[in-house]
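Understanding the architecture of this molecule
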Amino acid sequence: MLEPDVAILSNQNLFREGVVQLLHAQGIHRVSEYRSAAELLAALGVSPPRLVLIDMDHTADDPFALLREFRRRAPHMTVVVIGTALQSGAVDGDADAFMETPDANAQVLCAVANLALAADPAPTPPIQPSPEALRQRQLWSTMTPRQREVLGFLSTGSDNLKIAAHLGISERAVKAHVSALLSLFTAENRTELAVLACRAGLRPPHRSQPQPLAMASPRSA
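Some thoughts on the overall build of the protein chain
Counting secondary structure elements, the protein chain contains 10 helices and 5 strands. Here the protein chain holds 221 residues, and 48% of them are scored as buried. Across the protein chain, contacts joining residues at least 24 apart in sequence account for 68% of those joining residues at least 6 apart. Counting only carbon and sulfur atoms, one obtains 54% of the accessible surface of the protein chain, whose full area is about 11600 Å².

Below, the structure written as C-alpha coordinates:
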(Lines give C-alpha, C1' and ligand atoms only; values in the text may rest on other atoms or scores of the structure.)
Protein backbone atom coordinates (compact mmCIF):
# COMPACT_ATOMS: atom_id res chain seq x y z
CA MET A 1 0.00 0.00 0.00
CA LEU A 2 1.38 3.39 -1.03
CA GLU A 3 1.84 5.98 1.66
CA PRO A 4 -0.47 9.00 1.27
CA ASP A 5 1.08 12.24 0.10
CA VAL A 6 -1.39 14.38 2.02
CA ALA A 7 -3.47 13.85 5.17
CA ILE A 8 -6.39 16.12 6.04
CA LEU A 9 -7.70 16.48 9.59
CA SER A 10 -11.13 18.01 10.11
CA ASN A 11 -14.41 16.88 11.60
CA GLN A 12 -16.20 18.99 9.01
CA ASN A 13 -17.17 16.87 6.02
CA LEU A 14 -17.52 19.83 3.67
CA PHE A 15 -14.00 21.05 4.50
CA ARG A 16 -12.39 17.65 3.89
CA GLU A 17 -14.28 16.93 0.71
CA GLY A 18 -13.56 20.38 -0.72
CA VAL A 19 -9.82 20.11 -0.05
CA VAL A 20 -9.71 16.60 -1.53
CA GLN A 21 -11.36 17.79 -4.74
CA LEU A 22 -8.95 20.71 -5.06
CA LEU A 23 -5.94 18.42 -4.60
CA HIS A 24 -7.28 15.84 -7.05
CA ALA A 25 -7.74 18.60 -9.64
CA GLN A 26 -4.01 19.34 -9.28
CA GLY A 27 -3.04 15.70 -9.84
CA ILE A 28 -2.48 14.91 -6.14
CA HIS A 29 -4.46 11.70 -5.66
CA ARG A 30 -2.90 9.98 -2.65
CA VAL A 31 -4.94 11.88 -0.07
CA SER A 32 -6.26 10.47 3.20
CA GLU A 33 -8.98 11.99 5.38
CA TYR A 34 -9.24 11.85 9.17
CA ARG A 35 -12.07 12.92 11.47
CA SER A 36 -10.11 12.63 14.71
CA ALA A 37 -6.58 13.09 15.98
CA ALA A 38 -6.52 9.53 17.28
CA GLU A 39 -7.06 8.17 13.76
CA LEU A 40 -4.35 10.38 12.29
CA LEU A 41 -1.81 9.67 15.02
CA ALA A 42 -2.41 5.93 14.64
CA ALA A 43 -1.75 6.25 10.90
CA LEU A 44 1.62 7.93 11.46
CA GLY A 45 3.14 4.64 12.55
CA VAL A 46 1.74 2.77 9.55
CA SER A 47 1.64 5.12 6.57
CA PRO A 48 2.92 8.58 7.47
CA PRO A 49 1.98 11.33 5.00
CA ARG A 50 4.42 13.89 3.69
CA LEU A 51 2.05 16.80 4.26
CA VAL A 52 -0.66 17.27 6.90
CA LEU A 53 -3.38 19.90 6.57
CA ILE A 54 -5.16 20.75 9.83
CA ASP A 55 -8.44 22.63 10.04
CA MET A 56 -8.14 24.92 13.08
CA ASP A 57 -11.92 24.85 13.41
CA HIS A 58 -11.65 21.11 13.98
CA THR A 59 -13.49 20.83 17.30
CA ALA A 60 -13.06 17.13 18.12
CA ASP A 61 -9.52 17.55 19.52
CA ASP A 62 -7.14 20.13 20.94
CA PRO A 63 -5.28 21.35 17.82
CA PHE A 64 -2.35 22.75 19.82
CA ALA A 65 -1.69 19.53 21.70
CA LEU A 66 -1.93 17.72 18.37
CA LEU A 67 0.65 19.99 16.75
CA ARG A 68 3.09 19.35 19.59
CA GLU A 69 2.53 15.61 19.27
CA PHE A 70 3.21 15.77 15.53
CA ARG A 71 6.47 17.54 16.19
CA ARG A 72 7.44 14.82 18.66
CA ARG A 73 6.51 11.85 16.48
CA ALA A 74 7.30 13.11 12.98
CA PRO A 75 9.58 16.17 13.15
CA HIS A 76 10.34 16.07 9.42
CA MET A 77 6.72 16.00 8.27
CA THR A 78 5.34 19.26 6.84
CA VAL A 79 2.36 20.53 8.84
CA VAL A 80 0.16 23.34 7.51
CA VAL A 81 -2.76 24.73 9.48
CA ILE A 82 -5.76 26.58 8.07
CA GLY A 83 -7.58 29.16 10.17
CA THR A 84 -8.11 32.80 11.12
CA ALA A 85 -5.56 35.52 11.90
CA LEU A 86 -6.33 35.07 15.60
CA GLN A 87 -5.65 31.33 15.38
CA SER A 88 -2.45 32.11 13.48
CA GLY A 89 -1.16 34.00 16.51
CA ALA A 90 -2.15 31.23 18.89
CA VAL A 91 -0.34 28.51 16.91
CA ASP A 92 2.96 29.94 18.15
CA GLY A 93 5.32 28.47 15.56
CA ASP A 94 4.27 24.82 15.97
CA ALA A 95 3.29 24.57 12.30
CA ASP A 96 5.46 24.91 9.19
CA ALA A 97 3.00 27.28 7.53
CA PHE A 98 -0.37 28.89 8.13
CA MET A 99 -3.08 29.46 5.52
CA GLU A 100 -5.26 32.31 6.66
CA THR A 101 -9.01 32.35 6.14
CA PRO A 102 -10.99 33.85 4.54
CA ASP A 103 -8.22 34.92 2.13
CA ALA A 104 -6.76 31.44 1.55
CA ASN A 105 -7.82 30.04 -1.80
CA ALA A 106 -7.34 27.06 -4.08
CA GLN A 107 -4.27 28.59 -5.75
CA VAL A 108 -2.50 29.07 -2.41
CA LEU A 109 -3.44 25.58 -1.21
CA CYS A 110 -2.14 23.91 -4.36
CA ALA A 111 1.07 25.96 -4.32
CA VAL A 112 1.72 24.91 -0.71
CA ALA A 113 0.99 21.25 -1.50
CA ASN A 114 3.23 21.21 -4.57
CA LEU A 115 6.10 22.83 -2.66
CA ALA A 116 5.78 20.38 0.22
CA LEU A 117 5.58 17.36 -2.08
CA ALA A 118 8.43 18.37 -4.40
CA ALA A 119 11.46 16.12 -4.69
CA ASP A 120 13.46 18.80 -2.87
CA PRO A 121 10.74 20.50 -0.78
CA ALA A 122 11.16 23.97 0.64
CA PRO A 123 11.64 23.92 4.43
CA THR A 124 8.64 26.23 4.92
CA PRO A 125 6.13 27.00 2.16
CA PRO A 126 6.22 30.82 1.78
CA ILE A 127 2.85 32.39 2.63
CA GLN A 128 2.61 36.11 3.24
CA PRO A 129 0.63 36.74 6.45
CA SER A 130 -1.87 39.59 6.64
CA PRO A 131 -1.17 42.66 8.80
CA GLU A 132 -3.71 41.37 11.32
CA ALA A 133 -2.01 37.97 11.48
CA LEU A 134 1.33 39.68 12.10
CA ARG A 135 -0.25 41.77 14.85
CA GLN A 136 -1.75 38.68 16.48
CA ARG A 137 1.54 36.81 16.34
CA GLN A 138 3.28 39.72 18.04
CA LEU A 139 0.65 39.79 20.81
CA TRP A 140 0.74 36.05 21.41
CA SER A 141 4.53 35.95 21.36
CA THR A 142 4.64 38.18 24.46
CA MET A 143 2.36 35.86 26.45
CA THR A 144 3.99 33.65 29.08
CA PRO A 145 3.26 29.89 29.17
CA ARG A 146 1.37 30.38 32.44
CA GLN A 147 -0.77 33.15 30.97
CA ARG A 148 -1.61 30.85 28.08
CA GLU A 149 -2.72 28.15 30.53
CA VAL A 150 -4.91 30.64 32.40
CA LEU A 151 -6.43 31.80 29.11
CA GLY A 152 -7.18 28.19 28.24
CA PHE A 153 -9.16 27.80 31.46
CA LEU A 154 -10.99 31.06 30.78
CA SER A 155 -12.28 29.50 27.55
CA THR A 156 -14.41 27.19 29.71
CA GLY A 157 -15.64 29.95 32.03
CA SER A 158 -13.56 28.79 34.99
CA ASP A 159 -13.31 31.15 37.94
CA ASN A 160 -10.06 32.12 39.66
CA LEU A 161 -10.47 29.54 42.42
CA LYS A 162 -10.85 26.66 39.98
CA ILE A 163 -7.95 27.86 37.83
CA ALA A 164 -5.73 28.20 40.89
CA ALA A 165 -6.61 24.69 42.07
CA HIS A 166 -5.83 23.10 38.71
CA LEU A 167 -2.57 24.98 38.17
CA GLY A 168 -1.37 24.70 41.75
CA ILE A 169 -0.93 28.45 42.18
CA SER A 170 -2.62 31.07 44.36
CA GLU A 171 -5.79 32.94 43.46
CA ARG A 172 -3.76 36.11 43.72
CA ALA A 173 -1.40 34.84 41.01
CA VAL A 174 -4.36 33.91 38.79
CA LYS A 175 -5.83 37.38 39.25
CA ALA A 176 -2.51 38.93 38.21
CA HIS A 177 -2.39 36.77 35.08
CA VAL A 178 -5.97 37.68 34.15
CA SER A 179 -5.17 41.38 34.60
CA ALA A 180 -2.13 41.00 32.32
CA LEU A 181 -4.25 39.25 29.69
CA LEU A 182 -6.91 41.96 29.84
CA SER A 183 -4.22 44.54 29.20
CA LEU A 184 -2.51 42.53 26.46
CA PHE A 185 -5.67 42.04 24.41
CA THR A 186 -7.28 45.36 25.46
CA ALA A 187 -10.31 43.40 26.67
CA GLU A 188 -12.83 44.99 29.00
CA ASN A 189 -13.61 41.90 31.04
CA ARG A 190 -12.92 38.17 31.38
CA THR A 191 -15.95 37.35 29.24
CA GLU A 192 -14.23 38.99 26.29
CA LEU A 193 -11.11 36.99 27.09
CA ALA A 194 -13.19 33.79 27.18
CA VAL A 195 -14.65 34.52 23.76
CA LEU A 196 -11.19 35.30 22.37
CA ALA A 197 -9.79 32.06 23.82
CA CYS A 198 -12.62 30.03 22.29
CA ARG A 199 -12.16 31.64 18.88
CA ALA A 200 -8.43 30.97 19.05
CA GLY A 201 -9.13 27.29 19.78
CA LEU A 202 -7.56 27.20 23.24
CA ARG A 203 -8.43 24.50 25.76
CA PRO A 204 -7.40 24.03 29.38
CA PRO A 205 -4.09 22.16 29.76
CA HIS A 206 -4.46 18.40 30.20
CA ARG A 207 -4.54 17.92 33.95
CA SER A 208 -7.06 15.42 35.25
CA GLN A 209 -6.81 16.44 38.89
CA PRO A 210 -6.37 19.77 40.70
CA GLN A 211 -2.77 20.40 41.76
CA PRO A 212 -1.62 21.09 45.33
CA LEU A 213 -1.85 24.80 46.02
CA ALA A 214 1.52 26.51 45.84
CA MET A 215 2.70 29.00 48.42
CA ALA A 216 2.19 32.59 47.37
CA SER A 217 5.58 33.67 46.04
CA PRO A 218 7.05 34.91 42.74
CA ARG A 219 7.82 31.30 41.79
CA SER A 220 4.17 30.26 42.16
CA ALA A 221 3.08 32.41 39.24
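Notes on the sheet that holds strand β3 (residues 51-55)
Strand pairs in the sheet, formed through backbone hydrogen bonds, run parallel or antiparallel to each other. In spatial order, the strands read β2-β1-β3-β4-β5; together these 5 strands make up an open sheet with parallel pairing. Two strands bound the open sheet, and with one partner strand each, they are β2 (31-34) and β5 (97-100). Pairs of neighbouring strands in the sheet enclose a mean axial angle of 20°, with direction left out of account. Both strand β1 (residues 6-9) and β2 contribute to a ladder of 4 bridges, which runs parallel. In the sheet register, V6 faces β2, and the bridge partner there is V31. Where helix α5 (residues 106-117) meets the sheet, its contacts fall on β1, β3, β4 (78-83) and β5, and the angle it forms with β3 comes to roughly 150°.

So, the pairing of β4
Summarising burial for β4: 6 of the 6 residues are buried, a large majority. For β3 and β4, the ladder comprises 5 bridges, and the chain directions are parallel. Across the sheet, L53 pairs through a bridge with V80, a residue of β4. Remark: the β3/helix α3 (residues 63-73)/β4 crossover connection has right-handed handedness. Inspection of the sheet shows β4 paired to β5 by 4 bridges, in the parallel sense. Bridge assignment links G83 to a residue of β5, and that residue is E100.

Rules used in this analysis
- Residues numbered from 1 in each chain as written.
- Predicted model: local features only at pLDDT ≥ 70, side-chain atom pairs only at ≥ 80, totals over all residues.
- Heavy atoms only, no water.
- Helix = DSSP H or I, 4+ residues; strand = E, 2+ residues; numbered from the N terminus.
- Buried < 20%, exposed > 50% of the residue type's maximum accessible area, 1.4 Å probe, protein only.
- Contact = heavy atoms within 4.5 Å.
- Areas by Shrake-Rupley, 256 points an atom, 1.4 Å probe, with all protein chains shown as cover.
- Pairing = 2+ DSSP bridges.
- Axes fitted to C-alpha atoms, helices over the stretch in contact; angles between N-to-C directions.
- Right-handed = clockwise from strand over helix to strand, strands pointing away.

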